[in-house]
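For reference, the chains in residue letters:
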Amino acid sequence: MENIALVVLVFVGIIVIILIRTGFFRNNNHGSYSRNDDNWVNLGEFEQRKSVVRTNCSESVFDGFFAFLKRYKGGNIRRKNGKITSRTFLGKEKGDLKGIFYNVVIPNPNISISKKEEFRMFLINIGVTGVGDRPNYEERASKLKNNKVDEDEHRRKEVGNAGEEVVREEISKLSNLHFAVINGPVLKYGDTKKELDHLIVGKTGVFCLETKAFGMSNGEHSQASLFIDPGDKWIIRKNKINRDLVSPTEQICSEKEIVENILKDKNVNAHAVLVISNNKLFIKNNISLQYDVIRVDKLVEYIESFEDSLETKERLDILEMIDSSRIN
C-alpha cells in the first residue's frame, strides 16, 4: 500500500508541476493560461507580427497582420476568477499601429484604398488618436528621375524635370480646392503600361496632363513662340531660329485612352491636356486638336471652370479604380 501511495503522490506531483508551468494557477490581469484555454494570451505575438509589416509589403502580408489584430484584441487584459472579462490595446500598441498606418500603409501601392480605409476605421474603433481625417491616399507622388547617360539627353531631361516641377507646384493649389492631384502615376491596363505626368480628379472632371517645357532655358521661363500647323507639325521659334518638334499628339491620346479604359465601367471621359510649363511662351494653334493646349499660368483656372459634375462618392470610386491600376 505504501508503494501505491508513493506512486500516486509522484503522479499528482507531476500533474501539479505541469499545471504550474502552463500558468494554470496564475490569476492576474496580464497572466498566461493554457494554450488550449481561450483565456491564454501570447503578449509577445504582437511584436512578432508587426515586424513583418514593412515598407511595400504585399497586401496578403498586410491582410495576415490585420486578421491577427482582430483576433488579438489588445494586450491590456482584465480578468475575473481567471476568465478574461475585457481586452483593449495598450498605449504602446496603439502608438505602434499609428506608426504603421502612416509609414507603411498609406504610401504602400500594394494595398488597396478600401483596405487602407478599413484599417483606419479599425484604428479609430480601438481608440487610436490622430487618424480621424481621411488621408489623400491617391496623391502619393513619384519622384522625378533622370537616368539618361547621353549628355544631350540628360540635359533635355533636366529641362523637362524642371518644367514638370513648375506644373507640380502650380497644381498643388488644386489640393486645397478638393481636387485629388496625382503626380507621375504609372498605370497598367491589360498589357499596356503608361506613365502620366499628372492626373487630376475633382468635381469638374478627370484630367490627364502631359507636360512640355518648350522654350525653357536651364529650367527658366524664356521668350519663345510655338506654332502648331496643319499636318500636326510643331515648330518652336526662339532667338529668331525655327526648330521642328516631335508632335505630342500620339502620346497624349494614348494616355487618355488608358485612363478611359480603366474607368470604362464608370463611363467617364478623361480630358487630355498638354500643359506648357514655360509661362512666357507664345502659342499659335492653327489646327483643331483632340486635346487642349494650356500654359501653366492658366491651368488652375482652366480646370476649375470645366463643367463636368462628379459627386464625392463617384470621385472616390474613380480614385480607387485608378489606384488599383497603378504599379508605382
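Residues numbered from 1 in each chain as written. Predicted model: local features only at pLDDT ≥ 70, side-chain atom pairs only at ≥ 80, totals over all residues. Heavy atoms only, no water.

(A) Highlighting the overall build of the protein. The number of helices and strands found in the protein is nine helices and 13 strands. Relative to its full complement of 328 residues, the protein shows a buried share of 40%. When the accessible surface of the protein is split by element, carbon and sulfur atoms take 49% of a total near 18600 Å². (Helix = DSSP H or I, 4+ residues; strand = E, 2+ residues; numbered from the N terminus. Buried < 20%, exposed > 50% of the residue type's maximum accessible area, 1.4 Å probe, protein only. Areas by Shrake-Rupley, 256 points an atom, 1.4 Å probe, with all protein chains shown as cover.)

(B) Molecular detail of the sheet that holds strand E7 (residues 205-212). What the five strands build is an open sheet, ordered E3-E6-E7-E11-E13; its pairing is mixed. With one partner strand each, in any of the chains shown, strand E3 (180-183) and strand E13 (292-295) form the two edges of the open sheet. Going from strand to strand, the sheet's axes swing by 25° on average, the running direction of each strand aside. With five bridges connecting them, strand E6 (residues 198-202) and E7 associate as antiparallel partners. Within E7, the position partnered with Leu199 by the bridge is Cys208. The sheet contacts of helix H7 (residues 249-262) involve E6, E7 and strand E11 (270-276), and relative to E7 the element is tilted by about 150°. (Pairing = 2+ DSSP bridges. Axes fitted to C-alpha atoms, helices over the stretch in contact; angles between N-to-C directions. Contact = heavy atoms within 4.5 Å.)

(C) Spatial organisation of the pairing of strand E4 (residues 186-189). For E4 and strand E5 (residues 192-195), the ladder comprises four bridges, and the chain directions are antiparallel. By the bridge assignment for E5, Tyr189 is matched with Thr192. Between E4 and E5, which pair antiparallel in sequence order, lie two residues; one of them, Gly190, sits at a positive phi of approximately 60°.

(D) Expanded view of the packing of aromatic side chains. With the rule as written, the count across this model stands at 15 aromatic pairs. With a centroid separation of 5.2 Å and an interplanar angle of 70°, the aromatic rings of Phe101 and Tyr102 are classed as edge-to-face. For Phe101, a relative accessible area of 0% gives the class buried. For Tyr102, a relative accessible area of 35% gives the class partly exposed. Judged by centre distance (5.5 Å) and plane angle (70°), the rings of Tyr302 and Phe306 are edge-to-face. With a relative accessible area of 13%, Tyr302 lands in the buried category. Ring pairing ties together the aromatic residues Phe46, Phe62, Phe65, Phe66, Phe68, Tyr72, Phe89, Phe101, Tyr102, Phe119 and Phe122, which thus form one cluster. One cation-aromatic arrangement involves Lys70 over Phe66; the distance from NZ or CZ to the ring centre is 4.2 Å. (Phe/Tyr/Trp six-rings, centres within 6.5 Å; stacked < 30°, edge-to-face > 60°. Lys NZ or Arg CZ within 6 Å of the ring centre and 35° of its normal.)

(E) Inspection of the side chain of Ser277 at higher detail. Tracing the backbone through its elements, the reader meets Ser277 in the loop between E11 and strand E12 (281-285). For Ser277, a relative accessible area of 0% gives the class buried. Residues contacting Ser277, with those up to four places away along its chain left out, are Gly163, Val166, Val167, Thr211, Lys212, Ala213, Met216, His221 and Val296.

(F) Representation of the side chain of Ser325. Looking at where Ser325 falls in the secondary structure, it is placed in the segment after helix H9 (312-324). Not counting residues within four places of it along the chain, the set of residues in contact with Ser325 comprises Val186, Leu187, Lys188 and Ile262.

(G) How the structure looks around the packing of helix H4 (residues 91-105) against helix H5 (residues 113-125). Their axes nearest at 11 Å, the elements H4 and H5 cross at an angle of 160°. Comparing the axis directions of H4 and H5 gives the class roughly antiparallel. Both H4 and H5 take part in a crossing whose hand is left-handed. Only Lys116, Phe119, Arg120 and Leu123 of H5 make contact with H4, whose side of the interface consists of Leu97, Phe101 and Val105. Within the contact of H4 with H5, the residues separate by chemical class into five nonpolar, no polar and two charged. (Parallel < 35°, antiparallel > 145°, perpendicular 65-115°, else oblique. Left-handed = near helix turned anticlockwise from the far one by under 90°. Nonpolar A, V, L, I, M, F, W, Y, C, P; charged D, E, K, R; others polar.)

(H) View of the environment of Leu69. Topologically, Leu69 is positioned in helix H3 (residues 59-72). We classify Leu69 as buried; its relative accessible area is 0%. Residues Leu69 and Phe122 lie 53 residues apart in sequence; the distance between their C-alpha atoms is 9.5 Å. Once you skip the residues sitting within four places of it in the chain, Leu69 turns out to touch Phe46, Phe89, Leu97, Phe119 and Phe122.

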